[in-house]
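If you want the building blocks of each chain, they are given just below.
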Amino acid sequence: MLATQYKIILPSDYDMNIIKERVRKNGPKTDGFPGLKFKLYLITEKGLHNNLQNSYSPLYLWKDSNGLNKFLFEGYYDNILNSIGWQQVNVGIPLFDTTSPNILENTYLYHLRGAIMPQGSLNTLKEHIQKSIPPIEGAEFLVTYNPDQWKYDIFCFLKDINNLKETSGAIYQILYISSQF
């Protein structure tokens, strides 16, 4: 499996209804996409949920590299290139994935990022990262890491953000979910 995400930072006065309409119109186009476990159409809005900026940040979980390759190199990603421009696509390797079809019921994603510091052994790293997952009742998680940057990402899928005891990460609104569970 592979996770990918690109984050498009939008101007603070950008009308986010443009993105919402774009997702409403185009979101279903990735339903059933080959090799895709799920795609979350995510946004942040400046001033909402303590977010400092407007952004559009889709998150994909691919079953294998074939689906990602098809998406990037067979014209599907051209929609982003032609409308928004060249984007850095971040890649993560799943370390923990507790997601099930229940994520379809969620309306928020809570994202935390951590650094993996140089160390003599990585034998206990999984346990360390697992302990950093916030205890949120009923939440499912996807945790990815990137050994190129030595970072890890915790994605918590939530129905209600009132269950969050801390909000040191970003809170995204989920506008649409394409999935193949």
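Residues numbered from 1 in each chain as written. Predicted model: local features only at pLDDT ≥ 70, side-chain atom pairs only at ≥ 80, totals over all residues. Heavy atoms only, no water.

## Observations concerning the overall build of the protein chain
Thinking step 1. Scanning the protein chain from N- to C-terminus turns up 4 helices and 10 strands.
Thinking step 2. When the helices and strands of the protein chain are placed in sequence order, the string is β-β-α-β-β-β-α-α-β-β-α-β-β-β.
Thinking step 3. Whereas a compact globule of 181 residues would reach a radius of gyration of roughly 16 Å, the protein chain reaches 16 Å, a difference of no more than 12%.
Thinking step 4. Referenced to the eigenvectors of the C-alpha coordinate spread, the extents of the protein chain come out at roughly 45 × 35 × 30 Å.
Thinking step 5. Across the 181 residues in the protein chain, those meeting the buried criterion constitute 46%.
Thinking step 6. A separation threshold of at least 6 residues defines the contact pool for the protein chain, and within that pool the share at least 24 residues apart is 77%.
Thinking step 7. Charge-centre separation for the protein chain: the mean point of 17 positive side chains lies 1 Å from the mean point of 17 negative side chains. (Helix = DSSP H or I, 4+ residues; strand = E, 2+ residues; numbered from the N terminus. Rg over C-alpha atoms; globule rule 2.2 N^0.38 Å. Buried < 20%, exposed > 50% of the residue type's maximum accessible area, 1.4 Å probe, protein only. Contact = heavy atoms within 4.5 Å. Lys, Arg positive; Asp, Glu negative; His and termini not counted. Charge placed at Lys NZ, Arg CZ, Asp CG, Glu CD.)

## Describing the pairing of strand β9 (residues 151–158)
Thinking step 1. Burial runs high along β9: 7 of the 8 residues are buried.
Thinking step 2. Pairing between strand β7 (residues 108–115) and β9: 8 bridges, direction antiparallel. Opposite Leu 109, over in β9, you have Phe 157 as the bridge partner.
Thinking step 3. Bridge analysis of strand β8 (residues 140–146) against β9 gives 7 bridges, and the strand direction is antiparallel. Note that in β9 the partner of Val 143 across the bridge is Ile 154.
Thinking step 4. With antiparallel pairing between neighbouring strands as the criterion, β8 and β9 make up a hairpin whose turn holds 4 residues, including Trp 150 at a positive phi of roughly 50 degrees. (Pairing = 2+ DSSP bridges.)

## Some points on helix α1 (residues 17–26)
Thinking step 1. Where α1 is concerned, the buried positions are Ile 19, Arg 22, Val 23 and Asn 26. Taken end-on, α1 shows its buried residues confined to a sector of 95 degrees, consistent with a single buried face. Residues Asn 17, Arg 24 and Lys 25 are exposed on α1 and point more than 90 degrees away from its buried face.
Thinking step 2. Tucked into the core, α1 has its buried residues touching β2 (8–10), β3 (36–44), β4 (54–56), α3 (78–83) and β10 (170–179). (Arc of directions from axis to C-beta.)

## Structural notes on the pattern of salt bridges
Thinking step 1. A full pass over the atoms with the stated rule returns 6 salt bridges.
Thinking step 2. In this structure, the salt-bridge partner of Glu 45 is Lys 20, at a minimum N-O distance of 3.3 Å. Taken together, the residues span a long stretch of sequence, with Glu 45 in the loop between β3 and β4 and Lys 20 in helix α1 at a distance of 25 residues.
Thinking step 3. Note that Arg 113 and Asp 153 form a salt bridge whose closest N and O atoms lie 2.9 Å from each other. A residue pair is termed long-range when its members are at least 10 positions apart, and Arg 113 in strand β7 and Asp 153 in strand β9 qualify at 40 residues.
Thinking step 4. Given a relative accessible area of 9%, Asp 153 falls into the buried group. (Salt bridge = Lys/Arg side-chain N within 4 Å of Asp/Glu carboxyl O.)

## Thoughts on the packing of aromatic side chains
Thinking step 1. Considering all chains together, one arrives at 11 aromatic pairs under this definition.
Thinking step 2. Look at Trp 62 and Phe 71: their rings are 5.8 Å apart centre to centre, the planes differ by 40 degrees, and that puts the pair in the tilted class.
Thinking step 3. For Phe 71, a relative accessible area of 7% corresponds to the buried category.
Thinking step 4. Ring centres of Phe 71 and Tyr 77 lie 6.0 Å apart, and the angle between their planes is 65 degrees; this geometry places the pair in the edge-to-face category.
Thinking step 5. Judged by its relative accessible area of 5%, Tyr 77 falls in the buried class.
Thinking step 6. Among the aromatic side chains, those forming a connected cluster through ring pairs are Tyr 6, Phe 33, Tyr 60, Trp 62, Phe 71, Tyr 76 and Tyr 77. (Phe/Tyr/Trp six-rings, centres within 6.5 Å; stacked < 30°, edge-to-face > 60°.)

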